[in-house]
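# Coordinate analysis (summary)
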Amino acid sequence: ARRNADAVIVASLDRDAQQSAQLASTGAPIIPITCGNPREYGFTAAVGIDDDQGSRLVARHLIGLGHRNIVYVRTSREVSLRFSVQQRYDSFVKACLVCCGYRIPSDISVIGYDDSFYAHDIGLTTIRQDPIGMAREAACKTLDLINRKTTGMPFQTFPAQLIVRSSTSRVSLDKG
């Protein structure tokens, strides 16, 4: 507000009531990119990735390859973006409840999230997000809100995309 901002785009906003209240106090439209439950925090518009869909894609891919002994590695709940970390974990575990039993030893598959620039180089299967598309949509929503005080689709969720590379493979039957 002191800088006379017409709107604010915030990348990767964690769910924090105090931060949200401070942003809202500016009186300008606030458009977060990747924010859990943006409506609850009173944001005018938001864009983000469908973490639930992405985690289900990962779980289904591994189960479809025959994996039954599956490990999910994540950061602690105290880290930034804990809402997203928790949503991904909860969805993944829920989707894995359909598999049972253990096959020891079995092949180990590794999947990442975000399709960072080095994922292709190392052959990492990953969930791809579209940060450029999300930023573009946030900018368009921002301009709509500045110019017209409304935007056609204020809350938009981008689909996740599974990119299969060489870090996942079907479980070998002779290893069961």
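A brief report on the enclosed structure follows. (Residues numbered from 1 in each chain as written. Predicted model: local features only at pLDDT ≥ 70, side-chain atom pairs only at ≥ 80, totals over all residues. Heavy atoms only, no water.)

### Focus on the overall build of the chain
Formally: A run of DSSP states H or I qualifies as a helix once it reaches four residues; a run of E qualifies as a strand once it reaches two. Both are numbered from the N-terminal end. Relative accessibility under 20% of the residue-type maximum defines a buried residue, over 50% an exposed one, and the middle range a partly exposed one, all with a 1.4 Å probe and only protein chains included. Two residues qualify as a contact provided that any one of their heavy atoms is within 4.5 Å of a heavy atom in the partner residue.
When you go through the chain residue by residue, the secondary structure sums to five helices and seven strands. Shown N-terminal to C-terminal, the secondary structure of the chain runs as helices and strands in the order β-α-β-β-α-α-β-α-β-α-β-β. In the chain, buried positions account for 40% of the 176 residues. Of the contacts made within the chain by residues no fewer than 6 positions apart, 68% connect residues no fewer than 24 positions apart.

### Quick notes on the nonpolar core
Convention followed: Here, nonpolar core means buried Ala, Val, Leu, Ile, Met, Phe, Trp, Tyr and Cys residues that are tied together by side-chain atoms lying within 4.5 Å of each other.
Ile31, Ile33, Ala45, Val47, Met134, Ala138, Leu145 and Phe158 together form the largest nonpolar core, which totals eight residues. Those elements that provide at least two residues to this core are β2 (30-33) and α5 (131-148). With three residues, the single largest contributor to this core is α5. Dropping the residues within four chain positions of it, Met134 is found in contact with Ile33, Val47, Gly48, Ile49, Gln129 and Phe158. Val58, Leu62, Tyr113 and Ile127 belong to the second-largest nonpolar core, a separate cluster that totals six residues.

### Regarding the pattern of salt bridges
As a reminder of what qualifies: The salt bridge criterion pairs a side-chain nitrogen of Lys or Arg with a carboxyl oxygen of Asp or Glu, the two atoms within 4 Å.
Evaluation of the coordinates by the stated rule reveals five salt bridges. Here Arg128 makes a salt bridge to Asp115, at a shortest N to O gap of 2.6 Å. With a gap of 13 residues between them, Arg128 in strand β5 (residues 125-128) and Asp115 in the loop between β4 (111-113) and α4 (119-122) connect regions that are remote in the sequence. Here Arg128 falls in the partly exposed class, since its relative accessible area comes to 31%. Taking relative accessible area as the criterion, Asp115 reaches 16% and is therefore assigned buried. Ionic pairing is found between Asp115 and Arg165, a salt bridge with its closest N-O pair at 3.0 Å. Separated by 50 residues along the polypeptide, Asp115 in the loop between β4 and α4 and Arg165 in the segment after β7 (161-163) bring together distant segments of the chain. The class for Arg165 is buried, based on a relative accessible area of 16%.

### Topic: the sheet that holds β5
This is how it is decided: Strand pairing is assigned whenever DSSP identifies at least 2 bridges connecting the two strands. Axis angles are defined between N-to-C directions and span 0 to 180 degrees, where every axis is a line fitted to C-alpha atoms and, for a helix, only to the segment in contact.
Across the sheet, three strands lie side by side as β4-β5-β7; this open sheet has mixed pairing. The open sheet has two edge strands with one neighbour each: β4 and β7. Across the sheet, the mean angle from the axis of one strand to that of its neighbour is 25°, orientation sign disregarded. Bridge count for β4 against β5 is three bridges, and the pairing is parallel. Bridging across to β5, Ile111 finds its partner in Thr125. Sheet contacts for helix α2 (residues 51-64): β4, β5 and β7; angle to β4, the most-contacted strand, approximately 175°.

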